[in-house]
Amino acid sequence: MPNSSGPPNQQKLHAAADAIERLGASQPDSFTGLVIDNPGDRVIVYRKQHSAFDAALARLQTGVRIDKRDAPRSISELAATRNHVTALMGHTTGYTIVSVGDGSVASYTAGVVEVGVTGDLARARKELGARFVDEVAVAAGKPVAG
């Protein structure tokens, strides 16, 4: 029995998103990420423009509206930056990196890895900005409960 508590097309949107995620995993140099827009009854796909990826996306025939949005970096590029930043955890002075992520609309549209820090925010922005230029967005993070 279908769940009637969500939007009417929710199951179809989630099935489409799953299919798009699988396609994206097979083309990580084009795909960046996606967002299910329930109120808009669509899936928004962030990707670097590439005709082969767009053609494969069109062939999925998901039965839902797919809006393509340009992204400056692919999921593989974001992952490489995320891995480099994560490697710095525990190895900084004056600030502590407490979170590293790239799964938000802000990270997709700006092509950045979001880095949360505690301690000297200005120093973190300066040092990480010098090292990663426009590949990171540094903000105050919440300390990890321990």
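Residues numbered from 1 in each chain as written. Predicted model: local features only at pLDDT ≥ 70, side-chain atom pairs only at ≥ 80, totals over all residues. Heavy atoms only, no water.

Draft legend 1. Structural detail: the sheet that holds strand β5 (residues 113–119). The mixed open sheet is built from three strands, whose spatial order is β4-β5-β6. Single-partner strands in this sheet number two, and they are β4 (95–101) and β6 (136–140). The average undirected angle you get between the axes of adjacent strands in this sheet is 30 degrees. In terms of strand pairing, β5 meets β6 through five bridges, oriented parallel. Looking across to β6, one finds that Val117 is bridged to Ala140. (Pairing = 2+ DSSP bridges. Helix = DSSP H or I, 4+ residues; strand = E, 2+ residues; numbered from the N terminus. Axes fitted to C-alpha atoms, helices over the stretch in contact; angles between N-to-C directions.)

Draft legend 2. Main features of the sheet that holds strand β1 (residues 31–37). Spatial ordering of the open sheet is given by β1-β2-β3, a layout of three strands whose pairing is mixed. One side of each edge strand has no neighbouring strand; the edge strands of this open sheet are β1 and β3 (65–70). If you compare each strand with its neighbour and ignore which way they point, the axes differ by 20 degrees on average. By the bridge criterion, six bridges tie strand β2 (residues 42–47) to β3 in an arrangement that is parallel. The partner of Val43 across the bridge, within β3, is Ile66. Relative to β1, helix α1 (residues 10–26) is tilted by about 175 degrees, and along the sheet it contacts β1, β2 and β3. (Contact = heavy atoms within 4.5 Å.)

Draft legend 3. Representation of the pattern of salt bridges in the model. Applying the stated criterion to the full structure yields nine salt bridges. Residues Arg82 and Asp102 are paired through a salt bridge, measuring 2.7 Å at the closest nitrogen-oxygen approach. With Arg82 in helix α3 (residues 75–86) and Asp102 in the loop between β4 and α4 (105–110), this residue pair connects regions lying 20 residues apart in the sequence. Within this structure, Asp37, Arg42, Arg65 and Asp67 form a network of salt bridges that share partners. (Salt bridge = Lys/Arg side-chain N within 4 Å of Asp/Glu carboxyl O.)

Draft legend 4. Here's a closer look at the pairing of β5. As paired strands, β4 and β5 are joined by six bridges and run antiparallel to one another. Bridge pairing in β5 places Ile97 opposite Val117. Taken together, β5, helix α5 (residues 121–132) and β6 form a β-α-β motif whose crossover is right-handed. (Right-handed = clockwise from strand over helix to strand, strands pointing away.)

Draft legend 5. Structural view of the environment of Ile75. Along the polypeptide, Ile75 turns up in helix α3. A relative accessible area of 33% places Ile75 in the partly exposed class. For the pair Ile75 and Asp54, spaced 21 residues apart in the sequence, the C-alpha separation amounts to 15 Å. Dropping the residues within four chain positions of it, Ile75 is found in contact with Pro28, Phe31 and Thr32. (Buried < 20%, exposed > 50% of the residue type's maximum accessible area, 1.4 Å probe, protein only.)

Draft legend 6. Region of the structure containing unusual backbone geometry. At Gln61, a residue that is not glycine, the phi angle is positive and equals roughly 45 degrees. Following the sequence through the fold, Gln61 ends up in the loop between α2 (51–59) and β3. The phi dihedral of Val133 is positive, around 50 degrees, even though this residue is not glycine. With respect to the helices and strands, Val133 occurs in the loop between α5 and β6. Residue Val133 is classed as exposed on the basis of its relative accessible area of 60%.

Draft legend 7. Seen up close, α2. Where α2 is concerned, the buried positions are Phe53, Asp54, Ala56 and Leu57. Around the axis of α2, the buried residues are gathered within 160 degrees of arc, so they sit on the same side. For α2, the exposed residues lying more than 90 degrees away from the buried face are Ser51, Ala58 and Arg59. In the segment just after α2, Gln61 is the residue with positive phi, at about 45 degrees. (Arc of directions from axis to C-beta.)

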